[in-house]
Amino acid sequence: MNWKRPLALSTAALTLGTALAACGNPTAAAPDPTPTPAAEVQSLSTTGSTVKAPKYVFLFIGDGMSYPQIQSTSDFLGALNDADYRQAQPSLDDNGGAILDGPEYLNFMNFEAAGSAVTYDSNSFAPDSASTATSISTGYKTYSGSINVDETGTISYETIAEQLHAQKGYSVGVITSVNLNHATPAAFYAHQASRNDYYDIGLELIDSGFEYFAGGGLLKPTGAEGDQADLYALAEKAGYHVVKTQAEAEQVTGGPVVIIDEHLADSDAMAYEIDRTDDMWALADYVEKGIEVLSQDKDGFFMMCEGGKIDWACHANDAASTIHDTQALADAVQVAIDFAKEHADETLILVTGDHETGGLTIGFAGTDYDTYLDLLESQKISYAKFDSDYVSRYKEDKTSFEDVLKDVEALFGLKPQGEEGDKLVLTDYELEQLRAAYEKSVNGTAASQYEQEEYVLYGTYEPLSVTLTHIINNKSGISLTSYSHTGLPVAVLAHGVNAGQFNGYYDNTQIYHKLAGMLGIA
């Protein structure tokens, strides 16, 4: 399988619902031990009317993805089209707005229902992935860093995936572009006071009995000290088929299975989409394989798919990588859309985010009212791959600044000299920024006498890499305000059975309640 980019796009407009839904927490209840086939379930909606339960539920979570990530991706694609049009029609006024065709809408921006979810958790308006995914999967608030437990860490909450698996006989799949025991995927099967207890989370993955896991490798598979039984071996012992090559993954026809991407990159996660080559599986391929595995169960299935590297790229202020991974998530959504065409009266597709990351904004002080988003196409590599493949070598070889600039031009399009009007030419100010970052990365020379200023400049990232992304972001008219999460609401976009229930502006816990209500979860 080789996923093709154009399927991620749609030309219709995004609309927002206006109804306001109430917030609240569920009361714990013992599960019904007798599974009920999905087709027979009739349950109450939040308004009290009877609705049909969807047999197939897809939940796509763009980690760190809020409105800015969605819109910047849409605008970037539109800018590429506009740039092509300008080249084809040179007689048109390049300074006016008449030839601006506008954004190219992603497929899920055309969903029939659109809502917004507030993301705060028990201790922050800028929450983390563990607590926000807990809210989505269980309907409860908790502290940042906790997964499916209360604020004391002593009471566990059952997840929508566990409930569907146990009560309704649904098969369950969990897919992510990051590690399978990372916070967001873990929030659908694990219960831990700390998201960093990766080994214990891995044990819960095995104990879940879910039929399909796919994505990045497990963190700490032999424990924090490397002295515990290997999680992959334990999974095999528990009956899972553990697959670690793409060739083997292509042959998988049934579960239970754990598929680890063959081409793991930074932190044993899947490669950034901007770095992925055509011979490597994309997120969409894992969704396609998941449907093949989970569809064998006639009762129905629930699939959660996370675009986790949207968040990682935003943390690093790498707008181009963020946009490409948002496109990859849309490609994965397209697989579900195509499936839904064959099961139109049985399928519900949800696309949302857990929180916003990076404080991404379309607009920058240095470009006034203008944006030049097509400039981001000049970036050919993620910050992480630039770190590993280039900056590490610069440090070892003490590569000169002049030679570094040659790579910068090839990989980011930024250059010290060029024709007048070329917006990728570095200004004197930008060159000095880049030189200071080079000295910090390669020679360890302080960029400022103030630690606070150095953090604002670089965060915890490689100074040379993050400075390059800052410069190309800003030249394009994109800016980011943080290396952490922010408190923006996230979009909740729905298509299919009961989609209209997700219109409105509500708390993120309501995503769980709306699903549980229509699915008849006790």
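As the structure is a prediction and not an experimental result, all values here were calculated from the model.

(A) The overall build of the chain, seen in detail. Scanning the chain from N- to C-terminus turns up 16 helices and 16 strands. Here the chain holds 522 residues, and 58% of them are scored as buried. Contacts in the chain between residues far apart in sequence, at least 24 positions, make up 76% of those at least 6 positions apart. Surface summary for the chain: the accessible area is close to 20,700 Å², and the carbon and sulfur share equals 50%.

(B) Summary view of the confidence of the model for the chain. This prediction gives the chain a mean pLDDT of 90; 87% of its residues lie at or above 70. The low-confidence segment residues 4-48, where pLDDT is below 50, has 113 contacts with residues more than four positions distant or belonging to other chains.

(C) Looking closely at the packing of aromatic side chains. Under the defined criterion, the tally for this structure stands at 22 aromatic pairs. Between W281 and Y286, the ring centres sit 5.0 Å apart and the planes meet at 75°, which makes this aromatic pair edge-to-face. Take W281: its relative accessible area is 1%, and that puts it in the buried class. Consider the rings of Y461 and Y483, whose centres lie 6.2 Å apart with planes at 35°: the pair is tilted. Linking Y461 in the loop between helix 14 (451-458) and helix 15 (463-476) with Y483 in the loop between strand 13 (478-479) and strand 14 (485-486), this pair joins segments that are 22 residues apart in sequence. By relative accessible area, which is 23% here, Y461 ends up partly exposed. Here a set of aromatic residues connected by ring pairs shows up, and it is made of Y56, F58, F60, F301 and F339. Looking at K244, its charged tip hangs above the ring of Y232, at a distance of 3.7 Å from the centre. Across from the ring centre of Y506, 4.6 Å away, lies the NZ or CZ of K514, which sits over that ring.

(D) Up close: the UniProt feature "binding site: Zn(2+)" (unreviewed entry) in the chain. Taken from the UniProt record, the annotation "binding site: Zn(2+)" (unreviewed entry) applies to D63, D311, H315, D354, H355 and H485. The largest pairwise C-alpha distance within this set of annotated residues, which runs over 423 residues, is 14.3 Å, so the set is compact in three dimensions. Relative to the elements of secondary structure, H355 occurs in the loop between strand 10 (347-353) and strand 11 (356-357). Setting aside chain neighbours within four positions, we find H355 in contact with D63, G64, M65, S66, T119, P127, D128, S129, T132, D311, H485 and V490. Topologically, H485 is positioned in strand 14.

(E) Local environment of the packing of helix 8 (residues 283-294) against helix 10 (residues 319-342). The geometry of helix 8 relative to helix 10 is characterised by a closest axis approach of 7 Å and an angle of 25° between their N-to-C directions. With respect to helix 10, the axis of helix 8 lies roughly parallel. In the packing of helix 8 onto helix 10, the handedness of the crossing is right-handed. Across from L283, A284, V287, E288 and I291 in helix 8, the residues of helix 10 making contact are A328, L329, D331, A332, V335 and F339. For the contact of helix 8 with helix 10, the class distribution of residues is nine nonpolar, no polar and two charged.

(F) Structural context of the nonpolar core. Counting residues in each nonpolar core, the largest one holds 89 residues, and the members touching the most others are F60, F108 and F386. Among the elements that make up this core, the one with the highest residue count is helix 10 (12 residues). There are two domains that each give this core at least three residues, and those are domain 1 (56-86 + 101-359 + 483-519) and domain 2 (372-476). Apart from the residues within four sequence positions on either side, F60 is in contact with V287, C305, L329, A332, V333, A336, I349, L350, V351 and T352.

(G) Representation of the side chain of T134 within the structure. The residue T134 is located in helix 2 (residues 129-138) in this model. Classification of T134 by relative accessible area gives buried; the value is 0%. The contact partners of T134, leaving out residues within four places of it in the chain, are G139, Y140, T142, S146, I147, N148 and A187.

(H) Examining the sheet that holds strand 10 more closely. An order of 7-8-6-5-9-3-10-15-4-16 is seen for the 10 strands of this open sheet, with the pairing classed as mixed. Bordering the open sheet on either side are strand 7 (241-243) and strand 16 (504-507), each of which pairs with just one other strand. Within this sheet the neighbouring strands show an average axis-to-axis angle of 15°, counted without direction. One ladder, built from seven bridges, connects strand 3 (residues 56-62) with strand 10; its direction is parallel.

(I) Up close: the packing of helix 12 (residues 401-412) against helix 15. At their nearest, the axes of helix 12 and helix 15 sit 12 Å apart, and the two run at 50° to each other. Comparing the axis directions of helix 12 and helix 15 gives the class oblique. The handedness of the crossing between helix 12 and helix 15 is right-handed. Two secondary-structure elements touch here, helix 12 through V404, V408 and F412 and helix 15 through L464, L468, T469 and I472. In terms of residue class, the contact of helix 12 with helix 15 is built from six nonpolar, one polar and no charged.

(J) View of the pattern of salt bridges. The final tally for this structure, using the stated rule, is 13 salt bridges. The partner of K406 in a salt bridge is D403, with the nearest N and O atoms 3.4 Å apart. Taken as a pair, K406 and D403 lie in helix 12 at a separation of three residues, close to a single helical turn. Looking at K406, the relative accessible area reads 58%, which means it is exposed. The salt bridge partner of K415 is D422, with a shortest N-O separation of 2.7 Å. D422 sits in the partly exposed class, given a relative accessible area of 24%.

(K) Spatial organisation of a negative patch on the surface. On the surface, a cluster of negative charge is contributed by E248, E262, D278 and D279. Topologically, E248 is positioned in helix 7 (residues 246-251).

(L) The arrangement of the UniProt feature "binding site: Mg(2+)" (unreviewed entry) in the chain in detail. The UniProt record marks D63, H182, T184 and E306 with the feature "binding site: Mg(2+)" (unreviewed entry), using the residue numbering of this structure. These annotated residues cover 244 residues of sequence, and their C-alpha atoms all fall within 11.3 Å of one another, placing them together at a single site. Within the fold, T184 resides in helix 4 (residues 183-186). Residue T184 is classed as buried on the basis of its relative accessible area, which comes to 0%. With near-sequence residues (within four places) excluded, T184 lies in contact with I61, D63, S129, A133, M304, E306 and D354. At 3.0 Å, the side chain of T184 forms a polar contact with the side chain of D63. Residue placement: E306 occurs in strand 9 (residues 301-307). If we skip the residues at most four places from it in the chain, E306 touches I61, D63, I175, T176, S177, V178, T184, P185 and L283.

Conventions we followed
- Residues numbered from 1 in each chain as written.
- Predicted model: local features only at pLDDT ≥ 70, side-chain atom pairs only at ≥ 80, totals over all residues.
- Heavy atoms only, no water.
- Helix = DSSP H or I, 4+ residues; strand = E, 2+ residues; numbered from the N terminus.
- Buried < 20%, exposed > 50% of the residue type's maximum accessible area, 1.4 Å probe, protein only.
- Contact = heavy atoms within 4.5 Å.
- Areas by Shrake-Rupley, 256 points an atom, 1.4 Å probe, with all protein chains shown as cover.
- pLDDT = per-residue confidence, 0-100.
- Phe/Tyr/Trp six-rings, centres within 6.5 Å; stacked < 30°, edge-to-face > 60°.
- Lys NZ or Arg CZ within 6 Å of the ring centre and 35° of its normal.
- UniProt positions renumbered as here; feature names shortened; annotations may be inferred.
- Axes fitted to C-alpha atoms, helices over the stretch in contact; angles between N-to-C directions.
- Parallel < 35°, antiparallel > 145°, perpendicular 65-115°, else oblique.
- Left-handed = near helix turned anticlockwise from the far one by under 90°.
- Nonpolar A, V, L, I, M, F, W, Y, C, P; charged D, E, K, R; others polar.
- Core = buried A, V, L, I, M, F, W, Y, C linked by side-chain atoms within 4.5 Å.
- Domains from an automatic or database assignment.
- Pairing = 2+ DSSP bridges.
- Salt bridge = Lys/Arg side-chain N within 4 Å of Asp/Glu carboxyl O.
- Patch = residues over 30% accessible without salt bridge, like charges linked within 9 Å, V, L, I, M, F, W, Y side chains within 5 Å.
- Lys, Arg positive; Asp, Glu negative; His and termini not counted.
- Charge placed at Lys NZ, Arg CZ, Asp CG, Glu CD.
- Polar contact = N/O pair within 3.5 Å; in protein donor to acceptor, adjacent residues only side chain to side chain.

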